[in-house]
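If you want the building blocks of each chain, they are given just below.
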Amino acid sequence: MKIFMTGVTGYIGSSVAKVLLDAGHSIYGLTRNTSQINELKELGVEPVVGTLGDTEILADYAKRSDGVIHTADVAHRKAIETFISALRGTGKPLIHTSGSGNVGDDAKGEFQSEQIYNEETPVTRDLESIRVNELVRKAGVDQGVRGIVIVPSMVYGTSLGLPRDSIQLPMIVQKSKEMKAGVYIGKGLNRWSNVHIRDLAQLYLLALDKAPSSSYFFAENGEESFCDLSRYVSEALGYEGRTVSWSLEEAVAEFGLLAQYTLATNCRIRSVHARNLLGWKPEAESVQTWLAMGINNAFSQ
């Protein structure tokens, strides 16, 4: 299949692209920077220069492709509307990448939530990213598009594609190196589900091949508290498991609200549909094992 991808120069996007290319698919990859063209060509992707705002380009490449995988802005309604319009009535797949932060709370690192979500758990929050998810799934019902939503949890592991990093663990590692101890926010009792990038990329491949229209998949293979994650990081960095609490105010001052909503929240999910409907079987090492394998070589910077 010929697939048009957005976000293909990123951590998730380029990793998914590599797995699809290895499986025999070919890829048009949207990039806004001409400086990334050679990188994409070396990966095996045919570059398409443009942005999510270039609706004519999005529509053109969606129509000339056998499907679209969107791994860029989770709340870019105009891009999704453009893809739906271009694919209407074709039955072609539109795989949209969302984020499990949609079901996160505001624990500030102070407690472990008992709320665990699966794909059928109702979510009533008024977020644009959730409305975009619903738009994709609705297109799978009444627009003749095979709309699919994939919702990754905390993603870890070395990129399979371009040398890019994830978000959450690199922030923890960076601050832990500065403080010579593993860091967490507040009491570090909050928990996040997680998934290895290799397993996540395989889920996209499975979804492309056989996910039903209007399907919705959480992606996780375990969970950890942030105090435990900080201990794993400390051990991997040679700090003998020493950990230290980092105030939420300081974290937000340094990294913005991203720190509050990715490091200080609870986000506990279970991948019921991915396993039961697609036969997804995560096989990669745990986040603890991956960190222990060599943190200084784990990230691209």
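Residues numbered from 1 in each chain as written. Predicted model: local features only at pLDDT ≥ 70, side-chain atom pairs only at ≥ 80, totals over all residues. Heavy atoms only, no water.

## Looking at the overall build of the protein
Applicable threshold: Numbering goes from the N terminus for both helices and strands, where a helix is a DSSP run of H or I of at least four residues and a strand is a run of E of at least two. Between the two quantities, the radius of gyration covers C-alpha atoms and the globule rule is 2.2 Å times the number of residues to the power 0.38. Three labels apply to residues, based on accessible area from a 1.4 Å probe with only protein chains included: buried if under 20% of the type maximum, exposed if over 50%, partly exposed otherwise in between. Only heavy atoms enter the contact rule, under which two residues are in contact if any of them lie within 4.5 Å. Where accessible areas are quoted, they stem from the Shrake-Rupley method and a 1.4 Å probe; at the residue level, only the protein chains shown are allowed to cover. In this charge count, Lys and Arg are treated as positive and Asp and Glu as negative; neither His nor the chain ends contribute. Every charge is mapped to an atom, namely NZ of Lys, CZ of Arg, CG of Asp or CD of Glu.
A count of helices and strands for the protein gives twelve helices and twelve strands. The C-alpha radius of gyration of the protein comes to 19 Å, within 12% of the 19 Å expected for a compact globule of 301 residues. Here the protein holds 301 residues, and the buried ones make up 54% of them. Counting contacts in the protein only where the partners sit at least 6 residues apart, residues at least 24 apart contribute 79% of the total. Total accessible area on the protein stands at roughly 12,600 Å², and carbon and sulfur atoms take up 47% of it. Computing the positive centroid from 30 side-chain charges and the negative centroid from 35, the protein places the two 3 Å apart.

## What to know about unusual backbone geometry
At K180, a position not held by glycine, the phi torsion is positive, near 55°. Residue position: K180 is located in the loop between α6 (168-179) and β8 (182-185). Phi at E240 is positive, roughly 60°, even though this residue is not glycine. Assignment of secondary structure puts E240 in the loop between α8 (226-237) and β12 (243-246).

## So, the sheet that holds strand β4 (residues 67-70)
Put simply, the rule reads: By this definition, two strands are paired if DSSP reports at least two bridges between them. The angle between two axes is taken between their N-to-C directions and runs from 0 to 180 degrees, where each axis is a line fitted to C-alpha atoms and a helix contributes only its stretch in contact.
Strand order in the open sheet formed by seven strands is β3-β2-β1-β4-β5-β6-β10, with parallel pairing between adjacent strands. Whereas interior strands pair on both sides, the edge strands pair on one side only; in this sheet they are β3 (46-49) and β10 (215-219). Averaged over all pairs of adjacent strands, the angle between their axes in this sheet comes to 20°, without regard to strand direction. Strand contacts of helix α3 (residues 55-64): β1 (2-6), β2 (26-31), β3 and β4, with the helix running at about 175° to β2, the strand carrying the most contacts.

## A short note on empty space enclosed by the protein
What counts here: Here a cavity denotes a set of grid points, spaced 1 Å apart and computed over the protein atoms alone, in which a 1.4 Å probe fits but from which it cannot get out, and a pocket denotes an open set meeting protein on both sides within 12 Å along at least five of seven lines; residues with an atom within 4 Å of a point are reported as lining. Grid points are joined across faces, edges and corners, and a volume is the space filled by probe spheres set on the points.
On inspection of all chains with the given rule, the structure shows two cavities of 30 Å³ or more. Taken as a whole, the largest cavity holds about 40 Å³ of empty space. Lining of the largest cavity is provided by I172, V183, Y184, I185, F226, W246 and L263. Among the elements that line the lining of the largest cavity, the one with the most residues is β8, at three residues.

## Topic: the layout of surface pockets
Going by this rule: When residue character is reported, Ala, Val, Leu, Ile, Met, Phe, Trp, Tyr, Cys and Pro are called nonpolar, Asp, Glu, Lys and Arg charged, and the others, Gly included, polar.
Here the largest pocket is characterised by a volume of approximately 840 Å³. For the lining of the largest pocket, a count of residues per class yields 13 nonpolar, 14 polar and two charged. By volume, the second largest pocket is sized at about 350 Å³. Lining the second largest pocket are 19 residues, with G7, V8, T9, R32 and A72 positioned closest to its centre. Residue assignment for the lining of the second largest pocket shows that the elements contributing at least two residues are α1 (11-22) and β2. At three residues, the largest contribution of residues to the lining of the second largest pocket is made by α1. Split by residue class, the lining of the second largest pocket holds six nonpolar, eleven polar and two charged.

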